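# Structural overview for review
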Amino acid sequence: MKLEAEIKNIKKILVDDENFFQIPDYQRPYSWDKENISDLIDDVITAFLRNDGEHYFCGSLVLVNNESDGRFDIIDGQQRITTFTIIACVFRELYGSVLGKKPLKYISNSIQDEYEESKRKLKFLTNDKYQIDFEETVLKKIDFIDTKNIEKSFPDNRYLQNAHFVKGFLEERIEINKVNIEDFIIWFYESIVLTTIICPSQDSAIQIFNVLNDRGMPLSSIDILKSNLMSKLSSKEDRKAFKTKWEFINSNLKFSNLEIDSMLNTYLYYKITSNPKNRLDKELIEVFSKEGKSSLQIIKEINDFSDSFIEMSNQEDKYIYCLKYLRHKIYWNSILTTALFEKYPDIGKLRELMVAYYYQNWIAGATVARIKQTSFNVLKLVKNNSGIEQIENEFKSNLEKYATTNTFKESIESNTVYGRKWDRAVLLLIEYFSTDEDKNSFIPLGPKLHLEHILPKTLTPSWKENFTSDEIQQWTDSIGNLTLLSLRKNVQAKNNNFEEKKNAYRDKDNVSTSYVITQQVLEENQWNVASLQRRKEELLNKINRKINIF
């Protein structure tokens, strides 16, 4: 890998050399904000005032020569170079009429070509809107307005926002410190330096970028994957088609409150059906290389897989609702998305088996290591369209190997269900399947959902009359004594006697609890050991019908 590295000042980078720059289309948008601008202006004014003859180091600039466009692609340093260009435009607007030839030339030549005014030193390929905003509202002319809320005044134009921030901070610091503006601008161009690295290829540039990156945001695996796939397309039309499809995928995911990172990780599991050993981009690039598909074929498959991912996430299905409470989402998510993508014929039965398998493991206290390999085995079986009996046997074999079912039964039947990580999820599972309705709304495990102790943990005298101390210890935290309430109902029920609790569940504020399993408690005339035994047995039967099915 042959690199050209040199420490250069802004004058050398933007003014002297006949170099032009562009932000590649796979890069993230410009993201510096008010705090970044304030820090930069503070730093450079302080460095200027020290007057110690030292250069002010401002990070790295990693470039690749894009010969076809006649510009350098900026791999690292887009935030700084964009901001320096904005500062140059602010210099022009504020001080252009009072400066001498030297600083004026620095400013002008750092914005545009000396002999071709329309040829800008920096342009954006990331999005047409960004380039238009940058050109029309900053590069050509900045129309400053007097506003107290800059972000609100220009909500969709980060370049114009930051131009206003630069103006405000610059004028304030220059006034306070009595700075000679001509001296400062010359110092700005001649004394601010960056380590400029010109790389022979995009891959080597990204490598260097991830090592040297400091104040900027590192390229994610997703960015690198997108960059790699686009770099393999030779024509601008194909690159534009790829980029349009990528943005379409991202928009569809965001519309469903989903992230492209999550979808692509699920897609990676689908492609390799095993535990990833490298970053997402490296794994997928290796897979694509072996498959020999073009980037346009690949983006079509990713789009189709993303559609299945969205469909799975948006399904109004009781089994999927139950799976959403699990911690290690990637395993069940990749299996079910693959089932939809591959049009697996027994997907209904597959969902039932998955809820039973994963909940048994969760309630039994199994670690992720116990479910991981079985999950990959099932993913592979679904991808290969294997029979549902084979998948059931895979789950069953794992449960038998670790005696998981016995541990699950001991845990769910114990006297200490309350306080387990799965306590509310199990009651919600019962709730979902307590009606025959096909469609229910998903109930999140948020702060508004409370577990109610029917026999309260803090007992009033009336409760103590009906239970011995041993019975209280045995039943208080058992599943038979727990039910679901909203926060409001939970507060209303308090530690009252059973009749008052029933009134709170049923009639307080003329609103009855919406939870079916709590409405069933209203049918009890009193709450005693017999009631607890009966309810525990009923709830365990419902749990076993859904979870203990192997």
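In short, a report on the structure. (Residues numbered from 1 in each chain as written. Predicted model: local features only at pLDDT ≥ 70, side-chain atom pairs only at ≥ 80, totals over all residues. Heavy atoms only, no water.)

### Comments concerning the sheet that holds strand S4 (residues 71-76)
As a reminder of what qualifies: Two strands qualify as a pair provided that DSSP identifies no fewer than 2 bridges between them. In this text, helices come from DSSP runs of H or I with a minimum length of four residues, and strands from runs of E with a minimum of two, each type numbered from the N-terminal end. Between N-to-C directions, angles cover 0 to 180 degrees, with each direction set by a line fitted to C-alpha atoms, over the stretch in contact for helices.
An order of S1-S6-S3-S4-S2-S5 is seen for the six strands of this open sheet, with the pairing classed as mixed. The open sheet terminates on both sides in strands that have one partner only, identified here as strand S1 (4-9) and strand S5 (122-124). Here the average twist between neighbouring strands, direction ignored, is 35°. With six bridges joining them, S1 and strand S6 (residues 192-199) adopt antiparallel strand pairing.

### Some remarks on the environment of Tyr-331
For clarity, the threshold we go by: For the exposure calls, accessible area comes from a 1.4 Å probe over protein chains only, and a residue counts as buried if that area is under 20% of its type's maximum, exposed if over 50%, partly exposed in between. By the convention used here, residues are in contact when the closest approach between their heavy atoms is within 4.5 Å.
With respect to the helices and strands, the residue Tyr-331 is situated in helix H16 (residues 329-341). Since its relative accessible area comes to 6%, Tyr-331 is described here as buried. Sequence-wise, Tyr-331 and Thr-374 are 43 residues apart; in three dimensions their C-alpha atoms are separated by 9.6 Å. Leave out the neighbours within four places in its chain, and Tyr-331 touches Tyr-269, Tyr-358, Val-368, Ile-371, Lys-372, Ser-375 and Phe-376.

### Quick word on the packing of aromatic side chains
Formally: Planes of paired rings set the category: under 30 degrees apart is stacked, over 60 is edge-to-face and the rest tilted, where pairs are Phe, Tyr or Trp rings (Trp by its six-membered ring) whose centres lie within 6.5 Å.
Summed over all chains, the structure comprises 36 aromatic pairs. Consider the rings of Phe-184 and Phe-188, whose centres lie 6.2 Å apart with planes at 55°: the pair is tilted. Placement of the pair is Phe-184 and Phe-188 together in helix H8 (residues 181-191), with a separation of four residues, close to one helical turn. Their ring planes at 55° and their centres at 5.5 Å tell us that Tyr-321 and Phe-442 sit as a pair that is tilted. Linking Tyr-321 in helix H15 (residues 318-323) with Phe-442 in the loop between helix H21 (423-432) and strand S7 (449-453), this pair joins segments that are 121 residues apart in sequence.

### Description of the state of the cysteines
The test is simple: Cysteine sulfur atoms that come within 2.5 Å of each other are treated as a disulfide pair.
Using the criterion set out here, one finds zero disulfides in the structure. Take Cys-199: it sits in no disulfide, and the sulfur closest to it among the cysteines is that of Cys-58, at 19 Å. Cys-199 sits in the buried class, given a relative accessible area of 4%.

### Regarding helix H25 (residues 498-506)
For the record, the criterion: The reported arc concerns the directions from the helix axis to the C-beta atoms and nothing else. Two N or O atoms count as a polar contact when they lie within 3.5 Å, although within protein this holds only if one can serve as hydrogen donor and the other as acceptor, and sequence-adjacent residues are included solely when both atoms are side-chain atoms.
Of the positions making up H25, those classed as buried are Phe-498, Lys-501, Lys-502, Ala-504 and Tyr-505. The buried side chains of H25 occupy one side of the element, clustering within an arc of 160° when seen end-on. Near the N-terminus of H25, the side chain that reaches the backbone nitrogen of Glu-499, with its oxygen 3.2 Å away, is that of Asn-497.

### Comments concerning the pattern of salt bridges
Rule in force here: Basic side-chain nitrogens of Lys or Arg form a salt bridge, by our definition, when they fall within 4 Å of a carboxyl oxygen of Asp or Glu.
By the definition in use, this model includes 25 salt bridges. As a salt-bridge pair, Lys-290 and Glu-286 come within 3.4 Å of each other at their nearest N and O atoms. Separated by four residues within a single helix, Lys-290 and Glu-286 lie in helix H13 (residues 280-291), roughly one turn from each other. With its nearest N and O atoms 3.1 Å apart, the salt bridge here joins Glu-301 to Lys-293. Residue Glu-301 is classed as buried on the basis of its relative accessible area, which comes to 15%. Each of Lys-271, Glu-291, Lys-293 and Glu-301 takes part in one network of salt bridges that share partners.

The values reported here are purely geometric and, on their own, carry no functional implication.
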